[in-house]
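# Coordinate analysis (summary)
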Amino acid sequence: LKAKEVSAANPQPQLELRSQLGDDPDLQVDVNVKTTFLEALWINMAEEPWTDKPVRQALAYSIDRDAVVTALFGDLGVESASQSLIQPAAELYVTDAFSTYTRDLAKVDELMTGAGWAKNGDGFWEKDGTVAEVLIATTEGNQRRETTQDAMQAQLEEAGFKMSPDNSDAATLFGERGPASDFKVSLWATVGTQSPEYCALFCTKNIPGPENDNAGQNWTQTSVAALDEVLEAAEEELDEELRIEQYATAQDIMAEEVVAIPIDPLPEIAFHYPRLVTGPIGPNAVNSLYWTLNVWVLVG
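First, a word on scope: everything that follows refers to the structure included in this document. (Residues numbered from 1 in each chain as written. Predicted model: local features only at pLDDT ≥ 70, side-chain atom pairs only at ≥ 80, totals over all residues. Heavy atoms only, no water.)

### Quick look at the side chain of D264
- Its location among the elements puts D264 in strand β10 (residues 260-264).
- Here D264 is buried and forms no salt bridge, its nearest opposite-charge partner R144 lying at an N-O distance of 5.6 Å.
- At 3.0 Å, the side chain of D264 and the backbone nitrogen of L266 are in polar contact. (Helix = DSSP H or I, 4+ residues; strand = E, 2+ residues; numbered from the N terminus. Buried < 20%, exposed > 50% of the residue type's maximum accessible area, 1.4 Å probe, protein only. Lys, Arg positive; Asp, Glu negative; His and termini not counted. Salt bridge = Lys/Arg side-chain N within 4 Å of Asp/Glu carboxyl O. Polar contact = N/O pair within 3.5 Å; in protein donor to acceptor, adjacent residues only side chain to side chain.)

So, in structure tokens, the structure goes:
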């Protein structure tokens, strides 16, 4: 692509991708944030100190998520954090339930002291001899995700949370540690469609265990009765308007309980040279860049 030997490309949105290509006036760049990917911090609610809702809420108030997204995708013009745990492509169902969680250190102090924590000599929250440490597991060697960790570290430590990476290769993280809920907090993306199916991720019945042959996808061990009720109902609802209402309620509960923290929409990016190829060319949330390949026209 740099040598202008490629007509079009649809790469993953890795860091510095846009800047590496320079300001080529011949290159058309299209960015789509309404994708089927949603990157988030997934919190293991069975692990201390994340069993305590005020601590989870304090974590959410510790992060300037817009600043994190800007550090990742500012070159692409993407600077706003996701405010929902539903993938952006399912836009009929997406709300701004998490918009209340902006960086607010006074709120962090209020929540943590109210839950019995106090800052130690190093400036970290401590309770009964235990330091509030944010161990974040993600895919080792993934520059984008490691940069996300780096962008969060200073913010979290200023808020009083000790932060450390806990990374593994992809095969270990997704094949072993995830299904075994062997993490404290994790950073990865979910992939969905234009219709959310979130009971699989958050209903109590889908926590891996004997009843589902350890195949459940609720790796975060989330167990919230009110959330179970609304997601199980939505799972069987055929009336779209009612289902939209149910998912709005579910998102309010997810935000109140902080079952996870949405970070970014993992934008889809597409490049093409109009002097080489023309037509309806651009990213598509479901079918990628090549969904209209049959009507592209080669130039020259």
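Having put the structure on the table, let's press on.
### Focus on unusual backbone geometry
- The omega torsion of the bond from E48 to P49 falls at 0°, within 30 degrees of zero and hence cis.
- Following the sequence through the fold, P49 ends up in the loop between β3 (37-43) and α2 (53-61).
- Positive phi, close to 60°, is recorded for Q221, a residue that is not glycine.
- Mapped onto the secondary structure, Q221 falls in the loop between α7 (199-202) and α8 (225-236).
- We note that L266 has phi near 45°; this positive angle belongs to a residue other than glycine.
- Among the secondary structure elements, L266 is positioned in the loop between β10 and β11 (268-272).

### Details of helix α3 (residues 65-73)
- Residues of α3 that are buried include every one of R65, V68, V69, L72 and F73, and no others. Here the buried residues of α3 occupy an arc of 105° about the axis, which is enough to place them on one side.
- Those residues of α3 that are buried lie in contact with α5 (143-159) and β10. (Arc of directions from axis to C-beta. Contact = heavy atoms within 4.5 Å.)

### Some points on the packing of α8 against helix α9 (residues 240-257)
- Between α8 and α9, whose axes approach to 9 Å, the crossing angle comes to 155°. In terms of axis orientation, α8 runs roughly antiparallel to α9. In terms of crossing hand, the pair formed by α8 and α9 is left-handed. Of the residues in α9, those touching α8 at A226, L227, V230, L231, A233 and A234 are R243, Q246, Y247, T249, A250, I253 and M254.
- Grouping the amino acids of the contact of α8 with α9 by side-chain chemistry returns ten nonpolar, two polar and one charged. (Axes fitted to C-alpha atoms, helices over the stretch in contact; angles between N-to-C directions. Parallel < 35°, antiparallel > 145°, perpendicular 65-115°, else oblique. Left-handed = near helix turned anticlockwise from the far one by under 90°. Nonpolar A, V, L, I, M, F, W, Y, C, P; charged D, E, K, R; others polar.)

### Observations regarding the layout of surface pockets
- Computed from the structure, the largest pocket encloses a volume of approximately 390 Å³.
- Secondary-structure elements contributing two or more residues to the lining of the largest pocket are β9 (185-191) and α7.
- It is β9 that provides the largest number of residues to the lining of the largest pocket, a total of four residues.
- Considering only residue class, the lining of the largest pocket consists of eleven nonpolar, eight polar and two charged.
- Approximately 320 Å³ is the volume attributed to the second largest pocket.
- Along the wall of the second largest pocket there are 18 residues; nearest its centre are Q12, P13, F37, L266 and E268.
- Broken down by secondary-structure element, the contributors of at least two residues to the lining of the second largest pocket are α5 and β9.
- Here the residues of the lining of the second largest pocket sort into nine nonpolar, six polar and three charged. (1 Å grid on protein atoms, 1.4 Å probe; cavity = no way out; pocket = protein on both sides within 12 Å on 5 of 7 lines; lining within 4 Å. Points joined across faces, edges and corners; volume = space filled by probe spheres on them.)

### Let's talk about the state of the cysteines
- By the definition in use, this model includes one disulfide.
- Paired by a disulfide, C199 and C203 hold their sulfur atoms 2.1 Å apart. Classification of the bridge connecting C199 and C203 rests on its S-S torsion, roughly -115°, and on that basis the disulfide is left-handed. C203 matches C199 in its accessibility class, with the two residues each being buried. (Disulfide = S-S within 2.5 Å.)

### Digging into α8
- The terminal C-alpha atoms of α8 lie 17 Å apart, and with twelve residues this matches the ideal 16 Å at 1.5 Å per residue to within 8%.
- Considered for burial, the residues of α8 that qualify are L227, D228, V230, L231 and A234. (Expected span 1.5 Å × (residues − 1).)

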